[in-house]
Amino acid sequence: MRKEIRRGWDETHFGKMGSYYINRTFFFDVHPPLGKMLIGLAGHLSGYDGTFLFQKPGDEYEHHSYLGMRGFCAFLGALLIPFAYLTVLELSQSLPAALLTAALLTFDTGCLTLSQYILLDPILMFFIMAAMLSMVKYNSCANRPFSAPWWLWLSLTGVNLAGALGVKFVGLFIILQVGWNTVSDLWHLFGDLSLSMITHMSGIRQIMPHMPSTLHWLGLQVTVGKHLTARILCLIVLPLALYTATYAVHFMVLNKSGPGDGFFSSAFQARLSGNNLHNASIPEHLAYGSVITVKSARMAVGYLHSHRHLYPEGIGARQQQVTTYLHKDYNNLWIIKKHNTNSDPLDPSLPVEFVRHGDVIRLEHKETSRNLHSHYHEAPLTRKHYQVTGYGINGTGDSNDFWRIEVVNRKFGNRIKVLRSRIRLIHLVTGCVLGSSGKVLPKWGWEQLEVTCTPYLKETLNSIWNVEDHINPKLPNISLDVLQPSFPEIMLEAHMVMIRGNNGLKPKGNEFTSKPWHWPINYQGLRFSGINDTDFRVYLLGNPVVWWLNLLSIALYLLSGSIFAVALQRGARLPAEVEGLSQVLLQGGGQLLLGWMMHYFPFFLMGRILYFHHYFPAMLFSSMLTGLLWDILLRLCAWSLASFSLAGHVHTLGILSLLLGIAYSFYLFHPLAYGMVGPLAQDPRSPMAGLRWLESWDF
């Protein structure tokens, strides 16, 4: 068996995070933690020790036990088939519809490819399908409310909603679908005149013969109130409790300093063992003469930094560069001084003087003795922003070195706290605000991030900073434990960082992306591993017969569903069998179509980078709709041909033809998932040459 067949940003990405959990090393990811925790747990239970580096594609696992993590994802991916089968069986009460749905997923090369590697996608799809099945099951118990099965499926729906959201934020889509189902359910309950049991009690009628309507209204309120309370407990309180618990476990397990530290605030980092702020003791309030580091509040920007290199010719004034840098470094150290004196504030004969909100200060770079400086020259990358430089000799510069320090949402005169105070630095001459644009400087700037002075004074994370390290021998130290944030603050910060991280996922250079309209038509796949004809290649592409059948089915459903909806609305009298099939089509098919829309159309509104695999949850719903729709259409064909001798076989032959066609297409395209060798499909000598049905397929 070949030991590595994945692109680095997929299996390498999430396998490494599983290792972090095993080693208890803190990291940052744009997704919630549950999926990675489960991967790490699967690795731990199967004997993986967390020592494989997951550095790049092509690295062999050698003696490392990786099969537990892959096997876990494959197991959850395999469960999608019975979940889809049971969901369609419940919605249609038709075994052929359920079997056809199961076949569509069994013989799809895309689902197979995603399920055989260490990825979040099979875990996410497992919880989405489990939530859908649970919802359908508790809907089927509507005639037995508050029974044990009813409570079980309602509770399981809530558990799986928490699971879906805990893996990826797109789990919100299944939450919206269940929410819509719940609102619709309660609305129908509110209009059900048979709900009130009080009005059916003859004793009450005899005692209070003139109050049936009042009693009915009271009974209805009590019944709907019980239903509403049950749904609040199981679909809101329970999922929120479980979702919060995953973060409690996440923060408890990842208690060691790691590569994710720099994405979070200084106060957050103080809780991580091995971080220089952990168990540290530093002065609480900022004073003149203190040596400090200044950290941006914006995610992944880092520390205010300078070095001896100058801006190149033609880039503003040829003065010392000022940037932001993500890593700890001596060049991050600054000395805070008064703007109007050169006396040494650390002189033992002088009293301690604290820096206060509204003070005018100078920041002197400790390593080069140049002051933080700005002027009307344009910034290197950001238009209409001013350049920020290091200027002066041994701390002596000019009035362009003066900055007013302000604490966000504080009164003038207040002291400035280390870690906790959120500060802004206003340039006294130009009136601009110190900030980082987040843009990467060219090689002359060592690919660090641009610092500018923006004339736009609106408070943004780009222009908000906090003091992290603080050294002042004249001040007493306090333990940073008293400044550590509470669990709600940690959880809120983690979500803000993840949301900003998601919004910041933009295409870089020649990085491959895809557009949502590409996905349903299977326009272009995604290379999982291998590029050349000598490589072992795996290519993520849906089985084209399955995917194009799904696309056709959505169009046919919209057409046939519209016809039946109009006919029923107009009061047309349909034969009993046709009317029953139309109800299944409109109600069961409607839920599946809604699921497809919920999991597909929101991607058109997203500004972040998108990939082909984002469509697969929607593909599950379109496959279930296909199974349900073709079963109904073939039954309608058989009914319309009832006078012919072969009418009874139309449905059976139709289902068998679909099953055989799907299976044969899988036989043709299975090398995409199991691996290809030899010439690429563009080469006529390639065994896959005849299967390159679209020019955009590059396997």
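From a predicted model like this one, the values you see are computed outputs, not experimental measurements. (Residues numbered from 1 in each chain as written. Predicted model: local features only at pLDDT ≥ 70, side-chain atom pairs only at ≥ 80, totals over all residues. Heavy atoms only, no water.)

Draft legend 1. Representation of the state of the cysteines. This model, assessed by the stated rule, comprises one disulfide. What pairs with Cys 432 in a disulfide is Cys 453, and their sulfur atoms sit 2.0 Å apart. One disulfide, between Cys 432 and Cys 453, carries an S-S torsion of 95° and so falls in the right-handed class. Note that Cys 432 is positioned in the loop between β10 (423-427) and β11 (433-440) and Cys 453 in strand β12 (residues 449-454), a separation of 21 residues in sequence. Here Cys 453 falls in the buried class, since its relative accessible area comes to 0%. (Disulfide = S-S within 2.5 Å. Helix = DSSP H or I, 4+ residues; strand = E, 2+ residues; numbered from the N terminus. Buried < 20%, exposed > 50% of the residue type's maximum accessible area, 1.4 Å probe, protein only.)

Draft legend 2. Molecular detail of the pairing of β12. Across the six residues of β12, six count as buried, placing the element largely inside the fold. On β12, burial covers both faces: Leu 449, Val 451 and Cys 453 on one face and Glu 450, Thr 452 and Thr 454 on the other are all buried. Bridge count between strand β4 (residues 320-325) and β12: two bridges; the pairing is antiparallel. Opposite Thr 323, over in β12, you have Glu 450 as the bridge partner. Summarising the sheet, strand β8 (residues 386-391) and β12 pair through two bridges and their orientation is antiparallel. The partner of Tyr 386 across the bridge, within β12, is Cys 453. The pairing of β11 with β12 spans five bridges and is classified as antiparallel. Opposite Leu 434, over in β12, you have Cys 453 as the bridge partner. (Pairing = 2+ DSSP bridges.)

Draft legend 3. The packing of helix α6 (residues 121-140) against helix α7 (residues 148-167), seen in detail. Axis separation between α6 and α7 bottoms out at 8 Å; the angle between their running directions is 155°. Relative to α7, the element α6 lies roughly antiparallel. Our pair here, α6 against α7, has a crossing hand that is left-handed. Contacts from Ile 123, Leu 124, Phe 127, Ile 128, Ala 130, Ala 131, Ser 134, Met 135, Lys 137 and Tyr 138 of α6 reach α7 at Trp 150, Trp 153, Leu 154, Leu 156, Thr 157, Asn 160, Leu 161, Gly 163, Ala 164 and Val 167. Split into classes, the residues belonging to the contact of α6 with α7 amount to 15 nonpolar, four polar and one charged. (Axes fitted to C-alpha atoms, helices over the stretch in contact; angles between N-to-C directions. Parallel < 35°, antiparallel > 145°, perpendicular 65-115°, else oblique. Left-handed = near helix turned anticlockwise from the far one by under 90°. Contact = heavy atoms within 4.5 Å. Nonpolar A, V, L, I, M, F, W, Y, C, P; charged D, E, K, R; others polar.)

Draft legend 4. Quick look at the packing of aromatic side chains. For the structure shown, the criterion picks out 39 aromatic pairs. Between Trp 548 and Trp 697, the aromatic rings sit 6.0 Å apart at their centres with planes inclined by 20°, giving stacked as the arrangement. Within this pair, whereas Trp 548 is found in helix α13 (residues 544-569), its partner Trp 697 is found in the segment after α17 (671-674), the two being separated by 149 residues in sequence. In this structure an aromatic cluster arises from ring pairing among Phe 173, Trp 519, Trp 547, Trp 596, Tyr 600, Phe 601, Phe 603, Phe 604, Phe 612, Tyr 615 and Phe 616. Looking at Lys 226, its charged tip hangs above the ring of Phe 146, at a distance of 5.0 Å from the centre. (Phe/Tyr/Trp six-rings, centres within 6.5 Å; stacked < 30°, edge-to-face > 60°. Lys NZ or Arg CZ within 6 Å of the ring centre and 35° of its normal.)

Draft legend 5. Just unusual backbone geometry, in detail. Look at Asn 394: it is not a glycine, yet its phi comes out positive at around 50°. With respect to the helices and strands, Asn 394 occurs in the loop between β8 and β9 (403-407). We note that Leu 419 has phi near 70°; this positive angle belongs to a residue other than glycine. Relative to the assigned elements, Leu 419 resides in the loop between β9 and β10.

Read these as layout, nothing more, since geometry by itself doesn't imply function.
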